[in-house]
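This is what each chain is made of:
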Amino acid sequence: QVQLVESGGGLVQPGGSLRLSCAASGRPVSNYAMGWFRQAPGKEREFVASTNRGGGTAYYADSVKGRFTISRDNTKNTLYLQMNNLRPEDTAVYHCAAASRMHNIVILNLDGDDYWGQGTQVTVSS
């Protein structure tokens, strides 16, 4: 069992930045791939970014590539998402996830020994 709690969301103007954090508990996350997905009201979930267990590789959705950076600190059991040059289209609830495979997060097929949190709201608006 892994419990995940996201934080760091808020209201920012277009072009602004936010840094999201995801604190994990229950088990060390060092043996899990981790990532982020988002969901806006009335829309389906959308993959954002993922990273492997050691944090050495990362994969991003085309819509955020070059603007967002995913990282992790396994000693702190924490995942991060640095979001720069935010756009109104980025407005959504952002959820972090822990999964047995990076691919599970990329394709949003979270099952079995996969987990996700309640989410944190990110609103990009003038």
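Refer to the structure presented above.
To keep things clear, this report deals only with the structure shown in the data block. (Residues numbered from 1 in each chain as written. Predicted model: local features only at pLDDT ≥ 70, side-chain atom pairs only at ≥ 80, totals over all residues. Heavy atoms only, no water.)

### Concerning the packing of aromatic side chains
Stage number 1. Throughout the structure, instances matching the rule amount to two aromatic pairs.
Stage number 2. Ring geometry for Tyr 32 and Tyr 115: centres 6.2 Å apart, planes at 75 degrees, overall edge-to-face. Of this pair, Tyr 32 sits in the loop between strand E3 (18-25) and strand E4 (33-39) while Tyr 115 sits in strand E10 (residues 115-116), and the two are 83 residues apart along the sequence. Across the pair, exposure class does not vary: Tyr 32 and Tyr 115 are buried alike. (Phe/Tyr/Trp six-rings, centres within 6.5 Å; stacked < 30°, edge-to-face > 60°. Helix = DSSP H or I, 4+ residues; strand = E, 2+ residues; numbered from the N terminus. Buried < 20%, exposed > 50% of the residue type's maximum accessible area, 1.4 Å probe, protein only.)

### Some thoughts on the state of the cysteines
Stage number 1. Scanning all chains against the criterion turns up one disulfide.
Stage number 2. A disulfide bridge connects Cys 22 with Cys 96, and the sulfur atoms are separated by 1.9 Å. Handedness of the Cys 22-Cys 96 disulfide follows from its S-S torsion of about 45 degrees: it is right-handed. Taken together, the residues span a long stretch of sequence, with Cys 22 in strand E3 and Cys 96 in strand E9 (residues 92-99) at a distance of 74 residues. Per residue, the accessibility class of Cys 22 equals that of Cys 96, and both read buried. (Disulfide = S-S within 2.5 Å.)

### Quick notes on the pattern of salt bridges
Stage number 1. Under the definition given, this model contains five salt bridges.
Stage number 2. Taking the shortest distance from any N to any O, the salt bridge between Glu 46 and Arg 38 comes out at 2.9 Å.
Stage number 3. In this structure Glu 46 comes out as partly exposed when scored by relative accessible area, which is 32%.
Stage number 4. Salt-bridge contacts for Arg 38 lead to Asp 90; the nearest nitrogen and oxygen are separated by 2.9 Å. In this pair, Arg 38 is assigned in strand E4 and Asp 90 in the loop between strand E8 (78-83) and E9, connecting sequence segments 52 residues apart.
Stage number 5. Overall, Arg 38 belongs to the buried group, its relative accessible area being 4%.
Stage number 6. Connected via shared salt-bridge partners are Arg 38, Glu 46, Arg 67 and Asp 90. (Salt bridge = Lys/Arg side-chain N within 4 Å of Asp/Glu carboxyl O.)

### With respect to the nonpolar core
Stage number 1. One finds Leu 4, Trp 36, Leu 81, Met 83 and Tyr 94 to be the most contacted residues of the largest nonpolar core, which totals 37 residues.
Stage number 2. Put simply, the parts of the chain that give this core at least two residues each are E3, E4, strand E5 (46-51), strand E7 (68-73), E8, E9 and strand E11 (120-124).
Stage number 3. At six residues, E9 tops the list of elements feeding residues into this core. (Core = buried A, V, L, I, M, F, W, Y, C linked by side-chain atoms within 4.5 Å.)

### Considerations on unusual backbone geometry
Stage number 1. At Asn 85, a position not held by glycine, the phi torsion is positive, near 50 degrees.
Stage number 2. With respect to the helices and strands, the residue Asn 85 is situated in the loop between E8 and E9.
Stage number 3. In this structure Asn 85 comes out as partly exposed when scored by relative accessible area, which is 43%.

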